Amino acid sequence: MKSKKRVLISLFFSTLYLSAFTFGGGYVIVTLMKKKFVDEYHWIEENEMLDLVAIAQSSPGAIAVNGAIVVGYKLAGMAGAITAIIATIIPPFVIISLISVFYNAFRGNFLVSQMLEGMQAGVGAVIAAVVFEMAAGVVHGKNPISMAIMVFAFLAACILEVNVVYIVIICGLFGLIRTLVQRRRERG
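Residues numbered from 1 in each chain as written. Predicted model: local features only at pLDDT ≥ 70, side-chain atom pairs only at ≥ 80, totals over all residues. Heavy atoms only, no water.

1. As for the environment of Ile85
Defined as follows: Strands here are runs of E lasting at least two residues and helices are runs of H or I lasting at least four, both read from the DSSP assignment and numbered beginning at the N terminus. Summary of the burial criterion: residues with accessible area below 20% of their type's maximum are buried, those above 50% are exposed, and those between are partly exposed, where the area comes from a 1.4 Å probe applied to protein chains only.
Note on placement: Ile85 falls in helix 4 (residues 63–101). On the basis of relative accessibility, which here comes to 26%, the residue Ile85 falls in the partly exposed class.

Rendered as structure tokens:
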């Protein structure tokens, strides 16, 4: 029980910290969650983190909250999910509340607009790093079917401009069919 309490406390402060200092959207926090929970704490395996990110991304809602839910649930069940949700939503709630109070003062401030522009460039780099790490994980697995899915999904999104929702649904269905076929082969 004491171990679970420690996990919940670490989970709360880790997700609170990540959420408080993550600008640029959910994909940025997912990268930082990977570094914290996979690389630093070793609570989750890298492949498992990729699965959790896929679940978070394919679920409705903010990916940062969804990521916190699946990681929290994986680590400590329902208590972990609730802990991670609360810790993840506190910083944006407080920050957005403060910004909304002072919006008119911020709106025309040159320094604030330049700072936000610089943050956008940094966020772009972090998102590119996430994409690189996730793609490297797929390529490192050396599964030709997974690599083909990744390439076709990329082409569908970037070249053919197919809606990401359709790509996720199709890839999910393909993965389901692939798993069912593989299980059938193993039984037979």
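2. Brief notes about helix 6 (residues 110–140)
As a reminder, the rule being used: In a helix, the anticipated span is given by 1.5 Å times the number of residues less one.
In this model, helix 6 (31 residues) spans 45 Å end to end at C-alpha, consistent with the 45 Å of a helix rising 1.5 Å per residue. Listed as buried for helix 6 are Val112, Val123, Val130 and Gly137. In the segment just after helix 6, Lys142 is the residue with positive phi, at about 55 degrees.

3. Focus: the packing of helix 6 against helix 7 (residues 144–158)
Here is the rule: Fitting a line to C-alpha atoms yields each axis, with helices limited to the stretch in contact; the angle taken between N-to-C directions then spans 0 to 180 degrees. Residue contacts are defined here by distance: any two heavy atoms, one from each residue, within 4.5 Å place the two residues in contact. Nonpolar residues are Ala, Val, Leu, Ile, Met, Phe, Trp, Tyr, Cys and Pro. Charged residues are Asp, Glu, Lys and Arg, and all others, Gly as well, are polar.
The geometry of helix 6 relative to helix 7 is characterised by a closest axis approach of 8 Å and an angle of 145 degrees between their N-to-C directions. Mapping the contact onto sequence places Ala135, Val138 and Val139 in helix 6 and Ser146, Met147 and Met150 in helix 7. By residue class, the composition of the contact of helix 6 with helix 7 is five nonpolar, one polar and no charged.

4. Some remarks on the nonpolar core
Which entries qualify depends on this criterion: We call a set of buried residues a nonpolar core when its members are Ala, Val, Leu, Ile, Met, Phe, Trp, Tyr or Cys and they connect through side-chain atoms within 4.5 Å of each other.
If you look at the biggest cluster of nonpolar residues, it comprises 22 residues, and the most contacted ones within it are Ile29, Met33, Phe37, Ile44, Met49, Val71 and Leu75. When contributions to this core are tallied by element, the ones reaching two or more residues are helix 1 (2–20), helix 2 (26–40), helix 3 (46–58) and helix 4. It is helix 4 that contributes the most residues to this core, eight residues altogether. Ignoring any residue separated from it by four or fewer positions in sequence, one finds Met33 in contact with Thr15, Leu18, Val38, Met49, Gly67, Ala68 and Val71.

5. Observations concerning the side chain of Ser19
Looking at the secondary structure, you find Ser19 in helix 1. Looking at Ser19, the relative accessible area reads 10%, which means it is buried. Setting aside residues up to four positions removed in sequence, Ser19 forms contacts with Ile29, Ala87, Thr88, Pro91 and Pro92.

6. Considerations on the side chain of Lys36
Inspection of the secondary structure assignment puts Lys36 in helix 2. The class for Lys36 is buried, based on a relative accessible area of 15%.

7. Here's the deal with the packing of aromatic side chains
The line we're drawing: Two rings belonging to Phe, Tyr or Trp (six-membered ring only in the last case) form a pair when the distance between their centres is within 6.5 Å. Interplanar angles under 30 degrees mark stacking, angles over 60 mark edge-to-face geometry, and anything in between is tilted.
A full pass over the atoms with the stated rule returns five aromatic pairs. For the ring pair Phe37 and Tyr41, a centre distance of 6.2 Å and an interplane angle of 50 degrees mean the geometry is tilted. Taking relative accessible area as the criterion, Tyr41 reaches 27% and is therefore assigned partly exposed. Their ring planes at 10 degrees and their centres at 5.9 Å tell us that Phe37 and Trp43 sit as a pair that is stacked. By relative accessible area, Phe37 is classed as buried at 0%. Judged by relative accessible area, which is 27%, Trp43 ranks as partly exposed.

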